[in-house]
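Survey of secondary and tertiary structure
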Amino acid sequence: MPVKIKIEKKEKHTRARLGKLTTPHGEVETPIFMPVGTQATVKTMTPEEVKETGGRLVLSNTYHLYLRPGHDLVKEAGGLHKFMNWDGPILTDSGGFQVFSLGPLRTITEEGVEFRSHIDGSKHFFTPEKVMEIEQALGADIAMAFDECAPYPCEKEYAVAALERTTRWAERCKRVHKREDQALFGIIQGGVFPDLRERSAKELLAMDFPGYGIGGLSVGEPKELMYEVLDQLMPIMPEDKPRYLMGVGSPDCLIEGVVRGVDMFDCVLPTRIARNGTVFTHNGKLTVRNAEYARDFRPMDQQCDCYACRNYSRAYIRHLIKTDEILGIRLTTIHNLHFIQHLMQNIRQAIREDRLLEYREDFLKVFNAG
Ligand SMILES: CO[C@@H]1O[C@H](CNc2nc3cc4c(=O)[nH]c(N)nc4cc3[nH]2)[C@H]2OC(C)(C)O[C@@H]12
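Remember, it's a predicted structure, so these values are computed and weren't measured experimentally.

This brings us to the environment of Gly-247. Tracing the sequence through the fold places Gly-247 in the loop between strand S13 (243–245) and helix H10 (251–259). Note: C-alpha distance between Gly-247 and Val-268 (21 residues apart in sequence) is 7.4 Å. When residues no more than four places from it in sequence are discounted, the contact partners of Gly-247 are Ser-218, Asp-266 and Cys-267.

Rendered as structure tokens:
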């Protein structure tokens, strides 16, 4: 079993659990936030800096790496770990979400998805078998199945068709997935329809994957609706398998997801907003590029002990960003990754002490007041 989760503690008042996820490239604590490194790099960060912020498991993306530099090149380099010099665990998303996000540039059939590259418009065809070939060549510790992510909103009939195809494609992935040192996770779909979510989960649970992605969320639906889907879905998920809420999320969504029993998260938000000059602070978001910070010589977050907050002021970081100095977005990225990992550390401690609901209230009261 290349990947398994050991539940160390269940929080007394919620569905939250503290766990250890064992992978071929080491063991990590859960609940965990996984920084996104779409093109084999967490943008602007060296691997050492990602680790320094608390990152332990990073994501990369099949769709992007297939297009550039090509999975055969990464394989020739010795696989993704060697290629990007990351010695911890890696998870690759299957591209299911990316090819579906391409909108009119793709055609879905039972066989697979024909799509045009967002780079040069060239035509490509992803089948479950092709995606498994790519992910096995990349060599991540966890590979996600090739699924169909239904958009939000969508007709129930569309969600049914997408979940049924996702189940059939999951079987096709499982049939050709041979790499022993790589865990294949199924992805649960079903849109925002409780009966469809239950059906998708049961069909995939019957295939006994070592872990499960919860897909089709964080696609524009209201947060409350996402929480409702989780409230209905999580009770039927097995206790001994990791639950990975894909594409989530912001600090409030991370806490709400953990409360509902989610173990794994990934989201581009912390690194993406950092590149736009916006950072998370304990009092909410701060857009350090704004003029009001031109002569503000305090750190971005006075409660933060990250490298950026220990050594630089808002005024300096604003100056760097305004003058397109690369160090600027490196410092905001270091801070945001540290902030999210520190939040996850506090969440894990709150689970240990059975005070997650109090922590949620205290954190959100200050964070949302900002
Ligand atoms: C807050 O960040 C925005 O929200 C999207 C993240 N939300 C998301 N939901 C996902 C669902 C699936 C899925 O069903 N299947 C597979 N295989 N992968 C998935 C990946 C997903 N990521 C980001 O995507 C854009 C770029 C639109 O903005 C970001």
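Here the focus is helix H7 (residues 156–176). Because each turn of an α-helix spans 3.6 residues, side chains separated by three or four positions in sequence point in the same direction. Its 21 residues give H7 an end-to-end C-alpha distance of 31 Å, which sits within 8% of 30 Å, the value for a rise of 1.5 Å per residue. Listing the buried residues of H7 in full gives Ala-159, Ala-162, Leu-163, Arg-165, Thr-166, Thr-167, Trp-169, Ala-170, Arg-172 and Cys-173. Summarising the contacts, the buried residues of H7 are in contact with helix H5 (96–101), strand S7 (106–108), strand S8 (113–116), helix H6 (128–138), strand S11 (183–188) and helix H8 (194–205).

Space inside the largest pocket adds up to approximately 700 Å³. Forming the walls of the largest pocket are 32 residues, and the residues nearest its centre are Phe-97, Gln-98, Gly-247, Asp-266 and Val-268. Among the elements of the structure, strand S5 (58–61), H5 and helix H11 (269–275) are those that each provide at least two residues to the lining of the largest pocket. Per-element accounting of the lining of the largest pocket gives the leading share, four residues, to H11. When grouped by side-chain class, the residues that make up the lining of the largest pocket number 13 nonpolar, 13 polar and six charged. Here the lining of the largest pocket gathers at least three residues from each of two domains, domain 1 (4–266) and domain 2 (268–369). Lining the second largest pocket are 15 residues; nearest its centre among them are Gly-54, Gly-55, Arg-56, Gln-341 and Arg-348.

Along its sequence, the protein is carved into domain 1 (4–266) and domain 2 (268–369). One C-alpha centre belongs to domain 1, the other to domain 2, and the line joining them spans 26 Å. The interface is formed by 33 residues belonging to domain 1 together with 31 residues belonging to domain 2. At the junction of domain 1 and domain 2, the tally comes to six salt bridges. Within the residue set of the side of domain 1 that touches domain 2, elements represented by two or more residues are strand S1 (4–10), strand S2 (17–23), strand S3 (26–30), strand S4 (32–34) and H10. Sort the elements by how many residues they give to the side of domain 1 that touches domain 2 and H10 lands first, with seven residues. Of the residues in the side of domain 1 that touches domain 2, the class split is 15 nonpolar, eight polar and 10 charged.

About the criteria used
As a convention, each chain's residues are numbered from 1 in the sequence order in which they are written. Per-residue local features of the predicted model are confined to residues with pLDDT of at least 70, and side-chain atom pairs are confined, for both listing and counting, to 80 or more; whole-chain, interface and lining totals are unaffected and use all residues. The basis for every side-chain value is the complete set of heavy atoms in the structure, and neither hydrogens nor water enter the calculation. The numbering of helices and of strands both runs from the N terminus, where a helix is a DSSP run of H or I of at least 4 residues and a strand a run of E of at least 2. Should any heavy atoms of two residues lie within 4.5 Å, those residues are considered in contact. Working rule for helices: expected span equals 1.5 Å times residues minus one. Working definition: with a 1.4 Å probe on protein chains only, accessible area under 20% of the residue-type maximum means buried, over 50% means exposed, and in between means partly exposed. Using only the protein atoms, space was sampled on a 1 Å grid; points where a 1.4 Å probe fits but cannot get out form cavities, open sets with protein on both sides within 12 Å along at least five of seven lines form pockets, and lining residues are those with an atom within 4 Å of a point. Grid points are joined across faces, edges and corners, and a volume is the space filled by probe spheres set on the points. Residues were grouped as follows: Ala, Val, Leu, Ile, Met, Phe, Trp, Tyr, Cys and Pro as nonpolar; Asp, Glu, Lys and Arg as charged; and all remaining residues, including Gly, as polar. Throughout the structure description, domain borders are defined by an automatic or database domain assignment. A pair is scored as a salt bridge if a Lys or Arg side-chain nitrogen falls within 4 Å of a carboxyl oxygen belonging to Asp or Glu.

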